[in-house]
Amino acid sequence: TLGIAEFDQARILFLKDHGLSITNALTSLVSRYPNSLAGEKALVLLRAIDESASIDSKPMLNSIVTDKPQTRLGNCAALLLLGAHAREGNYSEALAIAQSLINSTDPGVEKHALYNAGNIAWSFLGDKELGTGYFQTLVKKYPEDPLSMSCLATMGLEPTSPPKNPSKKTICSFPIWK
C-alpha cells in the first residue's frame, strides 16, 4: 500500500523515542498520503503522541476535517475528534460530529457514526429515546454487524441471531475511545 514503508520507518523512530523526528515524519505522511492507509495510521499515531504529551490535537484534527472533507483521512480525523471531545466530556460536540458523519458514503464510517451517536445520547446525555433511534437505524441498515449486536444489548434486547459476516474493517485502524 502506498506509503506503508515510510510509515514503518516513522514507527521505528517512534519506538526509538526520537521525539520531534517522529512528529515531523508523521505530519509529512499525513499530508502526502491523505487517501492511503499510511496517512490514516500516521494521523492516529500522531494524535496518540500528542495525547500522551498532553498536547491538544483537536486543532490539527479540525484542520484536516475542514481541508479534506469526505475523504478517508477527513473521516478518520472526524472520528478521532469525536473521541477527543467525548473523553473530555464535551458530549454535545461529540454528538454533533457523529451526526455529521451519518449517511456517509463509507458504510464503515456511517456504522461508527450511528453507534457513537447512539452511545453518546443513551449513556452520556441520558437521552434514551434519541439513542434508541440511532441504535435502531444501525440495526435496521446493518443487522449482521457486531455493532448492531452491541446496540441491541444496550437497549436490553436479545439478538435474533449472531452476526454471520462480522466486519473486519476498522476505522482509523485503532479504537477511537480509550
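Before any of the text, the structure's been laid out above.
Throughout what follows, the structure given in this document is the object of discussion. (Residues numbered from 1 in each chain as written. Predicted model: local features only at pLDDT ≥ 70, side-chain atom pairs only at ≥ 80, totals over all residues. Heavy atoms only, no water.)

**Some words on helix α5 (residues 72–87)**
Compared with the 22 Å implied by 1.5 Å per residue over 16 residues, the 23 Å span of α5 between its first and last C-alpha is a close match. Counting buried residues along α5, 14 of its 16 residues qualify, which places the element largely inside the surrounding structure. Looking one or two places after α5, you find G89, whose phi comes out positive at around 85°. (Helix = DSSP H or I, 4+ residues; strand = E, 2+ residues; numbered from the N terminus. Expected span 1.5 Å × (residues − 1). Buried < 20%, exposed > 50% of the residue type's maximum accessible area, 1.4 Å probe, protein only.)

**Quick notes on the nonpolar core**
By size, the foremost hydrophobic cluster in this structure holds 43 residues, and its most contacted members are L26, L43 and L101. Of all the secondary structure elements, the ones that give two or more residues to this core are α2 (20–32), α3 (37–52), α4 (58–67), α5, α6 (91–101), α7 (107–124), α8 (128–141) and α9 (146–154). In terms of residue count, the dominant contributor to this core is α5 (9 residues). Beyond its immediate stretch of four places on either side in the chain, L101 contacts N75, A78, L79, V109, E110 and A113. (Core = buried A, V, L, I, M, F, W, Y, C linked by side-chain atoms within 4.5 Å. Contact = heavy atoms within 4.5 Å.)

**A few points about the packing of aromatic side chains**
Given two aromatic rings, their pairing is described by the distance between the two centres and the angle made by the two planes. Under the definition given, this model contains 3 aromatic pairs. Ring geometry for Y91 and F124: centres 4.6 Å apart, planes at 15°, overall stacked. In this pair, Y91 sits in helix α6 while F124 sits in helix α7, placing the two residues 33 residues apart along the sequence. By relative accessible area, which is 22% here, Y91 ends up partly exposed. Assessed through its relative accessible area of 36%, F124 is described here as partly exposed. An angle of 45° between the planes, with centres 6.1 Å apart, marks the rings of W122 and F135 as tilted. Of this pair, W122 sits in helix α7 while F135 sits in helix α8, and the two are 13 residues apart along the sequence. Taken together through their ring pairs, the aromatic side chains of Y115, W122 and F135 make up a single cluster. Sitting over the ring of Y142, K111 keeps its end group 5.4 Å from the ring centre. (Phe/Tyr/Trp six-rings, centres within 6.5 Å; stacked < 30°, edge-to-face > 60°. Lys NZ or Arg CZ within 6 Å of the ring centre and 35° of its normal.)

**A short note on the packing of α7 against α9**
Viewed as axis vectors pointing N to C, α7 and α9 meet at an angle of 15°, and their least axial separation amounts to 10 Å. The orientation of α7 with respect to α9, classified from their angle, is roughly parallel. Classified by chirality, the crossing of α9 by α7 is left-handed. Contacts between α7 and α9 involve K111, H112, Y115 and W122 on the former and, on the latter, L147, S150, C151 and T154. Its residues assigned to classes, the contact of α7 with α9 comprises 4 nonpolar, 3 polar and 1 charged. (Axes fitted to C-alpha atoms, helices over the stretch in contact; angles between N-to-C directions. Parallel < 35°, antiparallel > 145°, perpendicular 65-115°, else oblique. Left-handed = near helix turned anticlockwise from the far one by under 90°. Nonpolar A, V, L, I, M, F, W, Y, C, P; charged D, E, K, R; others polar.)

**Focus: the pattern of salt bridges**
Tallied over the entire structure, the rule returns 7 salt bridges. E51 is the partner of R47 in a salt bridge, and the nearest nitrogen-oxygen pair spans 2.7 Å. Residue R47 and its partner E51 are located together in helix α3, separated by 4 residues, close to a single helical turn. Look at R47 and you get buried, because its relative accessible area is 7%. You can call E51 partly exposed: its relative accessible area is 28%. Here K111 ties to D145 by a salt bridge, and the two come within 2.8 Å at their closest N and O atoms. One end of the pair, K111, is in helix α7; the other, D145, is in the loop between α8 and α9, and 34 residues separate them in sequence. On the basis of relative accessibility, which here comes to 10%, the residue K111 falls in the buried class. (Salt bridge = Lys/Arg side-chain N within 4 Å of Asp/Glu carboxyl O.)

The quantities given are spatial measurements derived from coordinates; they are silent on function.
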